[in-house]
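Chains, contacts and geometry: an overview
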Amino acid sequence: MSISDVTTLLRAAHLGDRGAEEELFARLYADLKRLARAQLARGGRPGDTLNTTVLVNEAYLRLAGGARLDALGRAHFFNLAARVMRNVVVDFARRRDADKRGAALRISWPEGHDPEAPSEGSELDLLALDNALARLQGESPRLARVVELRFFAGLSLDEIAGVLDVGERTLKRDWRKARAFLLAELQNDH
Amino acid sequence: MNPDLDPTLPGARWEELFDELAEMPQPVRARRLAELEREDPALAARLARLLEADGDTADFLARPAMELLGSGEGLGVENAAGAEPSLPAGTRVGSWLLLGLLGRGGMGEVYFAERDEGTFIQRAALKLIKRGMDSQAIVQRFVRERQILSRLEHPGIARLLDGGSTEDGRPFFVLERVDGVPITEYCKVRGLGLEDRLRLLQSVCAAIDSAHHRLVVHRDLKPANILVTADGTVKLLDFGIAKLLAGDDEETAHLTQLDARVLTPAYAAPEQILGEPITTATDVYALGVLLFELVTGALPHARERRSLGSLASGVVRETVERPSAVLRRIAAGDAPRLARRVAGDLDLVALTALHRDPARRYPSAAALADDLGRFLTSRPIRARADSGRYRLRKFVGRNRLPVTVAALGLVALLAGLGVALWQAHAARVSAQRAERVKSFLLSVFRQSDPDQSKGAAINARELFERAAQRIDVELAAEPATQAELLAAVADIEANLGLLDPALKAAERALALREKLLSKGDFQIAESRVLLGSIQRARGDVDRAQKTLTRALAEMLAVRGPGSLEVAQARHELANALHRPEDRARAVDLLRQALATLRRRLGDGDIETAQALADLGITLEQGERYVEAEQVDREALARLEHALGPHHPRVAVVQNLLASLLDRLSRPAEARKLFEQAIATQRAVLGPRHVDLAHTLFSYGLLLIGRQELKAADAALSEALSIYGPNRYEAAHCLRYLGLSAMDQERFQDAAGLFTRAAATYERTMGANDAERWRAVANLGWAHLKLGQTAVARQELTAAVAQIERLAGPEAYELRLPLKELGETLTNAGATTEAIATLERVRRLEEKLFGTLQHGEVASSDLLLTRARLARGAAGDRQAARRSLDEALGIFARKASTELLYGKVLLESGKLALAEGNHARARRELALAEPLLLAHAATARKEVREARRLLAGGG
């Protein structure tokens, strides 16, 4: 994908061109998924060497190349990248669950569990979270966007404030509300 | 106002309010929510829910989603085999040569390694901390795992061979390399039969047990960690999150805490999921899951892998099906045959291991292995035996409702009892049966609708009738469960005062158990205690005594003299001992029971207090009043302390103490206690409870003594209506209502009441009951007052003869009937017989009271005087004068205002007239008249006579 392509697509998407947005999404998805997979394979745990933010930023840099997107374009990019990351993560989770169900054997060696990487006993069901997030989107798209940026794209609150162009105080409140909403939803649906 | 809020979106409704509420301090927030509740309840509820979740969000979404995916495992990520090892093959680590990477995890790598031992090449697995991961915490964890492994030496556990540090300082250790497959896989691939599978599991138990002996809990037992080698040897792996039960110092304690969050949902024990303490029983649970899986091919529960929170709430509700039921459902291939083989004992073994409560599982992995062995060799398994744990207090306080909930309605009451019972039963029967008992009871309770009940007792009766039918129909094929439920139902019914159905249920429970179990089984003794206690509560004391004597002997044999069960049996037996000559024995039994209860349960325990109260009753019955009061007061204080002032048990003891105080002529203290007890019982037990009747009856007696006869009648009538027509106590009520009617000179009513009382005594206690003859004597008295002399004479003569036969010639109970007989005989003109009878009364009274200076003796003197004057034989008038003078002497010294004094004065005045002593006659009649007038209600005739004599003779 060339730089000008991305810039053009972003602009078009921003102006409401659905086709351009889908195109961008597809390209970002392929790229981010490849990056994510490589990263997972490298360290097992992304937190070690490369965090999600880096991942997304890397994707951004690769997509946008050296071109400087204007603020609007940048914001749009991150919004999109966050949505993409959400899809990437949820797809991974879905596939992992499928694999687990089908798997008969696992590497059976005296293996230390990393206390910080809950694997099988993962406390959070990403698929359920994804559904809850869809419900939040219905009630408040703005809060859902904060979650995508923060949780799926791994952006810091500062960065999100820039992307969404809101004050830090408002953002903090939104993040709080969104988390409360999602947790309540997850606790509800057993 | 948040400018970003789009008012058309549904979120707008709560978002702004949430911001506002979230920043309020708690009390303000609660107030605001309450206001909102009035305006928009749905929105308020939603906000409350959100705010509650808000309080739990500490770690929620704190880390980016990518991290939660964990390692690349299952993500299509390159496997360990293809991953780049941090150390290439051929690298030397210590004396080990790395051959390649076997696997990797978050913090470490495992290499296939070998060492030249001279005579052979040892192959092993070498575990190493990844480069860059050697933070202090991780190194600590690593070292701890090595430490734990070094403790464990068992052929069933992969052995630690070596350990050390690499050249760049990373710690490593080397483990025996296990060439095997997960146990479930092994069984499946080799097509092992049930027996072989169980024997394999026994080996796993042995390995785990050895770890437990070294105070190591594995915590993550699952097929993947239990490998079986080609030659069928079991090897346990992965003590990576194992816990040291002792010796964990503070530094490693936090690691253990972190580990506590790592679990495999399918195999995790409830306490792991709920964050409760981990013990060796945690591994026993996992072994239970494995047993279930090896037997049925399925997991015992479907735990959805969602959040830890939803797992936890699921675990609280989950129940485990019997393995045989699962197999039966499969209904294909070998399953039906296997189901029959597994049903019963092996079901019970699995369910015992899988008990929700760690304390109720097998006490060790070895015990589980032992029962598997018993199953394999067709010996009786241990899970069937009683655990020896103390049951919840259950028998004592029979008929004295042990509820702690007040006014919560029948359902709450029953549910509370049911749960308590379930716990009691769960402690000693199989989890499965306990579960059946619980769910059955709960389904019974669910049927009850408190709004439609006309009163707790009525509704409960209907409820249990239905329950009894269902036990018959639904559980016909499960006699053991049937017995369990019948015993539970009998217990609840007895506690609700539904004694007839309780008796039936208890009899059936005992019969079933005697049929099912071998002689000397604890449950037989237990059922017999239950039956005896119900028999006693029904007033069938003779039978209760026999039942409980036998039950005590059985219990002593099964449990030993210092056991709580024996203390309870003693307690029940003591309560059934009702004959005066058995009182000393009852006191002994109670003191023995108390000693045990004090030692085992402590002084403050309710059961101890209850035994104390029963000792008080027994002492009171034995007329050891001082001791009795002391004991009662102690019991009351303890119960009040333990239960608060408004508990039904407290009310029972208030009633006891009040009755005693009434008897000791301290009516003011007594009345206060009665009133408190009645208020509590009405409020907590409702208007139809037999305990309320007991208190009302005792209170009625006090009121009769205080001559508050209308109030007494009300209390006694209410008690009577609660007792119904078929209880012994109903006869008491009728008799005392009759006595009250006598005091009110409603003789005809009294005769009717006494007749009913006598019939009720006969019906409930048999024709030879002493109380029955007292009622007959009372009837004779009523007939005497009604002028029906012939009937009265007949009744009183028979009553006196029977009472004398039953209680001996000097019994206190003879005094009044004899006196009334004397009076009747006088009226009948049989004056010589009358005089002989009344002289006997006088001698009896002298003996009973220890003196002749007594009001009662004066009344006998008066009757004797009348009999003598009626006969008019030689010397009779002189003897009469002497008797009257003695009686007058008694009253004169006391400056009495009693009615009897008035009557004696009247009689003496009349005699003085006959003697021609007009001055004396006038003086005595003038004294008599105001005394009689003061008791005009019951002495109208005498007042008229005194006035006539004063007017005429004076």
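Residues numbered from 1 in each chain as written. Chains lettered and ligands numbered in written order. Predicted model: local features only at pLDDT ≥ 70, side-chain atom pairs only at ≥ 80, totals over all residues.

1. Section: the overall build of chain A
For clarity, the threshold we go by: The numbering of helices and of strands both runs from the N terminus, where a helix is a DSSP run of H or I of at least 4 residues and a strand a run of E of at least 2. The burial criterion counts other C-beta atoms lying within 10 Å of a residue's C-beta, which is placed from the backbone; the residue is buried at 20 or more, exposed at 12 or fewer, and partly exposed between these limits. The contact criterion used here is simple: two residues whose C-beta atoms, placed from the backbone, lie within 7 Å are in contact.
Helix and strand counts for chain A come out as nine helices and zero strands. Listing every helix and strand of chain A by position from the N terminus yields α-α-α-α-α-α-α-α-α. Within chain A, the proportion of its 190 residues that are buried is 44%. Once local pairs closer than 6 in sequence are excluded, the contacts in chain A between residues at least 24 apart make up 70%.

2. Examining the overall build of chain B
Counting secondary structure elements, chain B contains 41 helices and 11 strands. Relative to its full complement of 954 residues, chain B shows a buried share of 49%. Restricting to contacts in chain B with at least 6 residues of sequence separation, those with at least 24 account for 58%.

3. Considering helix α8 (residues 157–164) of chain A
All names here are of chain A. We apply this condition: Starting at the helix axis, one direction is taken to each C-beta atom, and the arc is that of these directions.
Restricting attention to buried positions, one finds in α8 the residues I160, V163 and L164. Along α8, the residues classed as buried sweep out an arc of 85° about the axis, all on the same side. Of the residues trailing α8, D165 is marked for its positive phi of about 55°.

4. Some points on the sheet that holds strand β10 (residues 234–236) of chain B
All names here are of chain B. This is how the line gets drawn: Pairing between two strands requires that DSSP report at least two bridges joining them. Angles run from 0 to 180 degrees between N-to-C directions of axes, and those axes are lines fitted to C-alpha atoms, restricted for helices to the stretch in contact.
Strand order in the open sheet formed by three strands is β7-β9-β10, with antiparallel pairing between adjacent strands. Both edges of this open sheet fall to β7 (180–182) and β10, since each of them pairs with a single strand only. Each neighbouring strand pair of the sheet contributes to a mean axis angle of 35°, computed without reference to strand direction. Alignment of strand β9 (residues 226–229) against β10, held across three bridges, turns out to be antiparallel. The residue bridging L227 from the neighbouring strand is K235, located in β10. Against the sheet, helix α7 (residues 194–213) engages β9 and β10, with an angle of about 35° to β10.

5. Notes on the confidence of the model for chain A
The cut-off we apply is this: The score called pLDDT rates the predictor's confidence residue by residue, from a low of 0 to a high of 100.
The predicted model of chain A has a mean per-residue pLDDT of 67, with 48% of residues at 70 or higher. Contacts for the low-pLDDT stretch residues 42–50 of chain A, under 50 throughout, to residues beyond four places or in other chains number 22 contacts.

6. Structural notes on helix α31 (residues 728–743) of chain B
Each turn of an α-helix holds 3.6 residues, which means side chains three or four residues apart point in the same direction. Counted only if it meets this: Multiply 1.5 Å by the residue count of a helix minus one, and that product is the helix's expected span.
An ideal rise of 1.5 Å per residue puts 22 Å on 16 residues; α31(B) measures up with 23 Å between its terminal C-alpha atoms. Buried residues dominate α31(B), accounting for 13 of its 16 residues.

7. What to know about the environment of A613(B)
Residues and elements named next belong to chain B. Examined against the element boundaries, A613 turns out to sit in helix α25 (residues 606–621). Taking C-alpha positions, A613 is 5.5 Å from A635, a pair spaced 22 residues apart along the chain. Beyond its immediate sequence surroundings of up to four residues, A613 is in contact with D632, A635, V653 and L656.

8. Points about the packing of helix α28 (residues 667–685) of chain B against helix α29 (residues 690–705) of chain B
Residue and element names in this part refer to chain B. The following threshold applies: Under this scheme an angle from 65 to 115 degrees is roughly perpendicular, one under 35 degrees roughly parallel, and one over 145 degrees roughly antiparallel; angles in between are oblique. Here a crossing is called left-handed whenever its near helix is offset anticlockwise from the far helix by less than a right angle, and right-handed whenever the offset is clockwise. We call Asp, Glu, Lys and Arg charged. Ala, Val, Leu, Ile, Met, Phe, Trp, Tyr, Cys and Pro are nonpolar, and the rest, Gly among them, are polar.
Viewed as axis vectors pointing N to C, α28 and α29 meet at an angle of 155°, and their least axial separation amounts to 9 Å. By the angle between their directions, the pair α28 and α29 is classed as roughly antiparallel. Crossing angle aside, the handedness with which α28 passes α29 is left-handed. Contact residues: α28 offers P667, A670, R671, F674, A677, I678, Q681, R682 and L685, while α29 offers D691, L692, T695, L696, S698, Y699, L702 and G705. Classifying every residue of the contact of α28 with α29 gives 10 nonpolar, four polar and three charged.

9. Notes on the confidence of the model for chain B
Residue and element names in this part refer to chain B. Confidence in the prediction of chain B, expressed as mean pLDDT, is 79, and 82% of residues score 70 or more. Taken element by element, the predicted model of chain B shows its lowest mean pLDDT in helix α16 (residues 409–426) (43) and its highest in helix α30 (residues 709–723) (94). Counting contacts from residues 71–83, a segment whose pLDDT is below 50, to residues more than four positions away or on other chains yields 36 contacts. In the model, residues 247–260 has pLDDT below 50 throughout and makes 15 contacts with residues more than four positions away in sequence or in other chains.

10. Digging into the packing of α29(B) against α30(B)
Each pair of packed helices can be described by the angle between their axes along with the distance between the axes. Residue and element names in this part refer to chain B. Between α29 and α30, the shortest axis-to-axis distance is 8 Å and the interhelical angle comes to 155°. When the interaxial angle is binned, α29 and α30 end up roughly antiparallel. In this structure, the crossing between α29 and α30 has a hand that is left-handed. When α29 is examined against α30, the residues V690, L692, A693, L696, F697, Y699, G700, L703 and I704 are found in contact with a partner set consisting of L709, A711, A712, A715, L716, E718, A719, I722 and Y723. Residues belonging to the contact of α29 with α30 are distributed by class as follows: 16 nonpolar, one polar and one charged.

11. Observations concerning unusual backbone geometry
Residues and elements named next belong to chain B. At Q707, a residue that is not glycine, the phi angle is positive and equals roughly 55°. Take Q707: it is sitting in the loop between α29 and α30. A count of 13 C-beta atoms within 10 Å places Q707 in the partly exposed class. For E745, which is not glycine, the phi torsion reads 55° and is therefore positive. On the secondary structure map, E745 appears in the loop between α31 and α32 (747–765). Judged by the 13 C-beta atoms lying within 10 Å of it, E745 is partly exposed.

12. Brief notes about the pairing of strand β5 (residues 160–165) of chain B
All names here are of chain B. Pairing of β5 with strand β6 (residues 171–176) involves five bridges; the strand directions are antiparallel. Residue pairing across strands places G164 opposite F172, the latter belonging to β6. Adjacent in sequence and paired antiparallel, β5 and β6 are bridged by five residues, among which G169 carries a positive phi angle near 85°.

13. So, the nonpolar core
Residue and element names in this part refer to chain B. Selection criterion: By our criterion, buried Ala, Val, Leu, Ile, Met, Phe, Trp, Tyr and Cys residues that link up through C-beta atoms within 7 Å make up a nonpolar core.
Within the largest apolar cluster, 158 residues are counted, with the highest numbers of intra-cluster contacts made by L486, A490, A506, A719 and C733. Among the elements that take part in this core, α29 stands out by supplying 10 residues, more than any other. If near-sequence neighbours (up to four positions away) are discounted, A506 is found in contact with A487, A490, S527, L530, L531 and I534. In this structure, L200, A207, L287 and L348 belong to the second largest nonpolar core, which totals 81 residues.

14. Considerations on the environment of L290(B)
Within the secondary structure, L290(B) is located in helix α10 (residues 280–296). Classification of L290(B) as buried rests on a count of 26 C-beta atoms within 10 Å.

15. As for the environment of D125(A)
Residue and element names in this part refer to chain A. Mapped onto the elements of the fold, D125 is located in the loop between α5 (71–102) and α6 (126–139). Judged by the 21 C-beta atoms lying within 10 Å of it, D125 is buried. The spacing of D125 and V90 is 35 residues in sequence and 9.7 Å in space, taken between C-alpha atoms.

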